[in-house]
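# Residue-level structural notes
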Amino acid sequence: MEDTNYKIKVIDPDPIAEQIRAKVSFAPRLGIVLGSGLGGLADEVEVVARIPYSELEGFPQSTVEGHKGEYIFGYLGDVPLVLMNGRVHYYEGYTMQEVVTPVRVMARLGADTIILTNAAGGLNESYHPGTLMCIESVISTFVPSPLIGPNDDKLGVRFPEMSEVFDPKLRALLHKVADEAGIELEDGVYLQITGPAYETPPESRLFAALGADAVGMSTACEVIALRHMGIRLLGLSCITDLAINNENTNTTHEEIQKIANEAGRRLITLVKGVVAQM
Ligand code: HPA
């Protein structure tokens, strides 16, 4: 680990997990990352403690105003969980090591299952604003790997296997919950770009041709870091806009917000249903 030949600054999640344990005595079994516009799930949680990221030494601090972020500890039903309300993104200037540190900390706190949520642009022509997508797999090829650098053997192996990154049983449960609630749910591949610029139309066509159904600026790197640790994953995207063939450009920002809010409520129903039956 302490090899000075490496230029990558390695971050050990354990000292951060220790700081959290010193503040709250709570053992989460589940972690949930709340994507933008999906913070409403926090209202459903019986909160035990909140820890702003700003109180944690060595933690990547978001510079973006209104993006401060905090861990929320509590219960959803009878499941003890930790929520990440706000994440940091590669486009903000963090290293990939920094970007995945918050999710690694949740895993080191004991969450052996993590649900990743995000807002994403739709590439599949059958999608529309408001489509919910169960993430089948990811394309992380367009962003640097968070595993570049010395391998931390305590977290996982040097060459982790990635053939089935999302848990088939959890995905099946998500579909069962969606069917029971009468909520439409697609299955698709999520592709991560660095951002902050949105994809150009030729890039959208390229990504769709490569097999991606949705594009966003988070999540795939978290998938790589968490599967490295052997964490059981479920992923859900809320399609907020169409990144491809979007000829309907007269949609107003208010309409998009409305769609995102309404879709966010359906997404929260699904996550609650899965957690109740997990
Ligand atoms: N691209 C990247 N990220 C996004 C998009 C998009 O089109 N929509 C929402 N998040």
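I will try to describe carefully the structure that is included in this document. (Residues numbered from 1 in each chain as written. Predicted model: local features only at pLDDT ≥ 70, side-chain atom pairs only at ≥ 80, totals over all residues. Heavy atoms only, no water.)

Moving on, we get to the nonpolar core. One finds Ile20, Tyr71, Phe73, Met106, Ile114, Leu226 and Leu233 to be the most contacted residues of the largest nonpolar core, which totals 49 residues. If one sorts the elements of this core by residue count, helix α2 (residues 96-108) sits on top with seven residues. Those residues in contact with leucine 233 that lie beyond four places of it in its chain are Ile114, Leu116, Val165, Phe166, Asp167, Leu170, Val223, Leu226 and Arg227. Grouped together as the second largest cluster of nonpolar side chains are 32 residues, Leu34, Ala178, Ala263 and Ile268 included. (Core = buried A, V, L, I, M, F, W, Y, C linked by side-chain atoms within 4.5 Å. Buried < 20%, exposed > 50% of the residue type's maximum accessible area, 1.4 Å probe, protein only. Helix = DSSP H or I, 4+ residues; strand = E, 2+ residues; numbered from the N terminus. Contact = heavy atoms within 4.5 Å.)

Residues in contact with the ligand, as listed here, are Ala119, Ala120, Gly121, Tyr198, Glu199, Val215, Gly216, Met217, Thr240, Asp241 and Ala243. For the ligand, a nitrogen atom lies 3.2 Å from a polar atom in the backbone of glycine 121. One of the side-chain N or O atoms of glutamate 199 is found 2.6 Å from an oxygen atom in the ligand. Contact with the protein chains covers 92% of the free accessible surface of the ligand, which is 260 Å². Of all the secondary-structure elements, those providing two or more residues to the shell around the ligand are β5 (113-122), β8 (214-216) and β9 (232-242). (Near = heavy atom within 4 Å. Polar contact = N/O pair within 3.5 Å; in protein donor to acceptor, adjacent residues only side chain to side chain. Areas by Shrake-Rupley, 256 points an atom, 1.4 Å probe, with all protein chains shown as cover.)

This next bit is on helix α1 (residues 13-23). All of the buried residues along α1 are Pro13, Ile16, Ala17 and Ile20. All buried residues of α1 fall inside an arc of 100° around its axis, so they share one side. Where α1 is buried, its residues touch β2 (46-52), β3 (70-76) and α2. (Arc of directions from axis to C-beta.)

On to the pairing of strand β4 (residues 79-85), then. Counting buried positions along β4 yields six of seven residues, so the element is predominantly enclosed. Bridge count between strand β1 (residues 30-34) and β4: five bridges; the pairing is parallel. Looking across to β4, one finds that valine 33 is bridged to methionine 84. Connecting β3 to the next strand, β4, in antiparallel fashion are two residues, including glycine 77 with a positive phi near 65°. (Pairing = 2+ DSSP bridges.)

This part covers the packing of aromatic side chains. Within this structure, the stated rule accounts for seven aromatic pairs. Geometrically, the ring pair formed by phenylalanine 26 and tyrosine 75 is edge-to-face, given 5.4 Å between the ring centres and 80° between the ring planes. On the criterion of sequence distance, the pair formed by phenylalanine 26 in the loop between α1 and β1 and tyrosine 75 in strand β3 is long-range, its members being 49 residues apart. With relative accessibility at 31%, the residue tyrosine 75 sits in the partly exposed group. Measuring from centroid to centroid gives 6.2 Å for tyrosine 71 and phenylalanine 73, while their planes differ by 45°, and the two rings are tilted. By relative accessible area, tyrosine 71 is classed as buried at 0%. With relative accessibility at 1%, the residue phenylalanine 73 sits in the buried group. Among the aromatic residues, those joined into a cluster by ring pairs are Phe26, Tyr53, Phe59, Tyr71, Phe73 and Tyr75. (Phe/Tyr/Trp six-rings, centres within 6.5 Å; stacked < 30°, edge-to-face > 60°.)

On to the pattern of salt bridges, then. According to the stated counting rule, one finds 12 salt bridges in the structure shown. For lysine 154, the salt bridge identified is with aspartate 12, shortest N-O distance 2.7 Å. Note that lysine 154 is positioned in the loop between β6 (132-139) and α3 (168-181) and aspartate 12 in the segment before α1, a separation of 142 residues in sequence. Since its relative accessible area comes to 36%, lysine 154 is described here as partly exposed. By sharing partners, the salt bridges in this structure join Asp12, Asp14, Arg108 and Lys154 into a single network. (Salt bridge = Lys/Arg side-chain N within 4 Å of Asp/Glu carboxyl O.)

The next thing to look at is the pairing of β6. For β6, the tally of buried residues reaches six of eight residues, placing the bulk of the element in the interior. Here β6 pairs with strand β7 (residues 186-192) via six bridges, running parallel. From the neighbouring strand, valine 138 faces β7, where its bridge partner is tyrosine 190.

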